[in-house]
Amino acid sequence: MIPGARLIILGRQGAGKGTQCVRLSRHYVVPHISTGDMLRAAVREGTELGMMAKEVMDAGGLVGDDIMIGIVDERLRADDARNRGYILDGFPRTVAQAEALDSITAERPLHAVIDLDVPREIVLERISSRRVCRDCGTNYTATGQDPSPWICDTCGGDVQQRDDDTPEAVNRRLDLYESQTTPLKRYYSADGRLVVVNGVGHPDHVFARLTSTVESHR
Ligand code: ADP
């Protein structure tokens, strides 16, 4: 395994993308850059961006392209991402974002764009049991026999359902995914950059599929 990789992981909400991205970032020793996590941090900090984003996120909408492109451009200029690489999670989500990313990364092109493929019926089931630490963002799965209050093993924060994991917001996000993000598959397959990885199965098996895909594309 050679450390360092520049990867995009696409995939429906609840496809297990976040957890796999964390594992990949440890494996390749690169930062995990999640636009959802960055926005949630801004919400917690109560910044102007956070206040604007919260409304959009809670309704299951998409934050404007210009704002998102600005955030990612700045983040990718940081030393860790420039020198080592990154796992980009949750960006791009629209063709306009993908086009902007191509110019941002013109000097250091992506190694692979991976579509972690999990059917809609399966992700709907997974999202309804998704719980997350309000403080550090660690993901958990509810079993129906969960502690209350539920304390995060990683940081001691409160584990709760996300405000945007209501059935209405989830359905809206999945619809937006089909209309705005699915076209990215055509965008990246047109020049052979897209690799589809089956995201169904035990997380360890999915991870092994992801790393063997990355190795064969570097
Ligand atoms: P999920 O994949 O579970 O929907 P994320 O954590 O990736 O969640 O993102 C949460 C929310 O943050 C999205 O529903 C959207 O409102 C906003 N968001 C994150 N990334 C982007 C992006 N690249 N463009 C627009 N909005 C975004």
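Figured I'd write up the structure that's included with this text. In this text, all values refer to a predicted model and were calculated from it rather than measured experimentally. Along every chain, residues carry numbers that run from 1 in the direction the sequence is written. Totals for whole chains, interfaces and linings use all residues, but because this is a predicted model, local features are given only for residues with pLDDT of at least 70 and pairs of side-chain atoms are given and counted only at 80 or more. In computing side-chain values, all of the structure's heavy atoms are included and hydrogens and water are not.

So, the overall build of the chain
Thinking step 1. Looking only at helices and strands, the chain features 10 helices and eight strands.
Thinking step 2. Taken over C-alpha atoms, the radius of gyration is set against a globule rule of 2.2 Å times the number of residues to the power 0.38. Computed over its C-alpha atoms, the radius of gyration of the chain comes to 17 Å, within 12% of the 17 Å expected for a compact globule of 218 residues.
Thinking step 3. Expressed as lengths along the three principal axes of its C-alpha atoms, the size of the chain is roughly 50 × 40 × 35 Å.
Thinking step 4. Note on exposure labels: buried denotes an accessible area under 20% of the residue type's maximum, exposed denotes more than 50%, and partly exposed covers the range between, all computed with a 1.4 Å probe on protein chains only. The buried share of the chain, reckoned over its 218 residues, is 44%.
Thinking step 5. Residue contacts are counted whenever heavy atoms from the two residues lie within 4.5 Å of one another. Pairs at least 24 residues apart make up 73% of the contacts formed inside the chain by residues separated by at least 6 positions.
Thinking step 6. Counting only carbon and sulfur atoms, one obtains 50% of the accessible surface of the chain, whose full area is about 10,900 Å².
Thinking step 7. Residues scored as positive are Lys and Arg, those scored as negative are Asp and Glu, and His as well as the terminal groups of each chain are ignored. To locate a charge, take atom NZ for lysine, CZ for arginine, CG for aspartate or CD for glutamate. Across the chain, the centroid of the 27 positively charged side chains sits 4 Å from that of the 32 negatively charged ones. Helix and strand definitions here come from DSSP, where helices need a minimum of 4 consecutive H or I residues and strands a minimum of 2 consecutive E residues; each element is numbered from the N-terminal end. What sets the accessible areas is the Shrake-Rupley method with a 1.4 Å probe; for residues, cover comes only from the shown protein chains.

Focus: the packing of helix α1 (residues 17–28) against helix α10 (residues 203–216)
Thinking step 1. Only the stretch in contact is used when fitting a helix axis, every axis being a line fitted to C-alpha atoms; angles between N-to-C directions are given from 0 to 180 degrees. Closest axis-to-axis distance for the α1/α10 pair is 11 Å, and the angle between their directions is 50°. Considered as vectors, α1 and α10 are oriented oblique to each other. As α1 packs across α10, the resulting crossing turns out to be right-handed. Each of Q20, R23, L24, H27 and Y28 in α1 lies in contact with α10, whose residues at this interface are P203, D204, V206, F207, L210, T211, V214 and E215.
Thinking step 2. When residues are grouped by polarity, Ala, Val, Leu, Ile, Met, Phe, Trp, Tyr, Cys and Pro land in nonpolar, Asp, Glu, Lys and Arg in charged, and all others, Gly among them, in polar. Class assignment of the residues belonging to the contact of α1 with α10 gives a composition of seven nonpolar, three polar and three charged. Note on terminology: angles under 35 degrees are roughly parallel, angles over 145 are roughly antiparallel, angles of 65 to 115 are roughly perpendicular, and the others are oblique. Each crossing is labelled by how the near helix is turned from the far one, with a counterclockwise turn of less than a right angle marking it left-handed and a clockwise turn marking it right-handed.

Thoughts on the sheet that holds strand β7 (residues 159–160)
Thinking step 1. The strand order across the open sheet formed by three strands is β6-β5-β7, and the pairing between neighbours is antiparallel. Each edge of the open sheet carries a strand with a single partner, namely β6 (139–141) and β7.
Thinking step 2. A pair of strands is treated as paired once DSSP finds two or more bridges between them. In terms of strand pairing, strand β5 (residues 130–133) meets β7 through two bridges, oriented antiparallel. Each residue of the ladder has a partner; that of C133, found in β7, is V159.

Brief notes about the packing of aromatic side chains
Thinking step 1. The criterion for an aromatic pair is that two Phe, Tyr or Trp rings (for Trp, the six-membered ring) have centres within 6.5 Å, with stacked assigned to planes under 30 degrees apart, edge-to-face to planes over 60 apart and tilted to the rest. Enumeration over the complete set of coordinates arrives at two aromatic pairs.
Thinking step 2. Arranged with centres 5.6 Å apart and planes meeting at 55°, the rings of Y140 and W150 form a pair that is tilted. With Y140 in strand β6 and W150 in the loop between β6 and β7, this residue pair connects regions lying 10 residues apart in the sequence. The same class applies to Y140 and to W150, which are both buried.
Thinking step 3. Aromatic pair Y187 and Y188: ring centres 5.0 Å apart, planes at 85°, arrangement edge-to-face.
Thinking step 4. For Y187, a relative accessible area of 22% puts it in the partly exposed group.
Thinking step 5. A residue is classified by how much of its surface remains accessible, and Y188, at 0% relative accessible area, is buried.
Thinking step 6. The side chain of R23 reaches across the aromatic face of F207, ending 4.4 Å from its centre. Both a distance and an angle decide whether a charge sits over a ring: NZ of Lys or CZ of Arg must be within 6 Å of the ring centre and within 35 degrees of the ring normal.

Some words on the sheet that holds strand β3 (residues 86–89)
Thinking step 1. What the five strands build is an open sheet, ordered β2-β3-β1-β4-β8; its pairing is parallel. Two strands lie at the open edges of the sheet, namely β2 (32–34) and β8 (194–198), each paired on one side alone. With direction set aside, neighbouring strand axes in the sheet form an average angle of 25°.
Thinking step 2. Two elements, strand β1 (residues 6–10) and β3, share four bridges in a ladder whose sense is parallel. Paired with R6 across the bridge in β3 is Y86.

A look at unusual backbone geometry
Thinking step 1. The step from F91 to P92 runs through a cis peptide bond, and the omega angle for that step is 0°.
Thinking step 2. The omega angle of the peptide bond from S148 to P149 is -5°, so this bond is cis rather than trans.
Thinking step 3. With a phi angle near 55°, V29 is a residue other than glycine that sits in the positive phi range.
Thinking step 4. Among the secondary structure elements, V29 is positioned in the loop between α1 and β2.

Some points on the pairing of strand β4 (residues 112–117)
Thinking step 1. Counting buried residues along β4, five of its six residues qualify, which places the element largely inside the surrounding structure.
Thinking step 2. Bridging between β1 and β4 involves four bridges; their strand directions are parallel. Across the sheet, I8 pairs through a bridge with V113, a residue of β4.
Thinking step 3. Bridge analysis of β4 against β8 gives five bridges, and the strand direction is parallel. Its bridge partner being in β8, D117 is matched across the sheet by N198.

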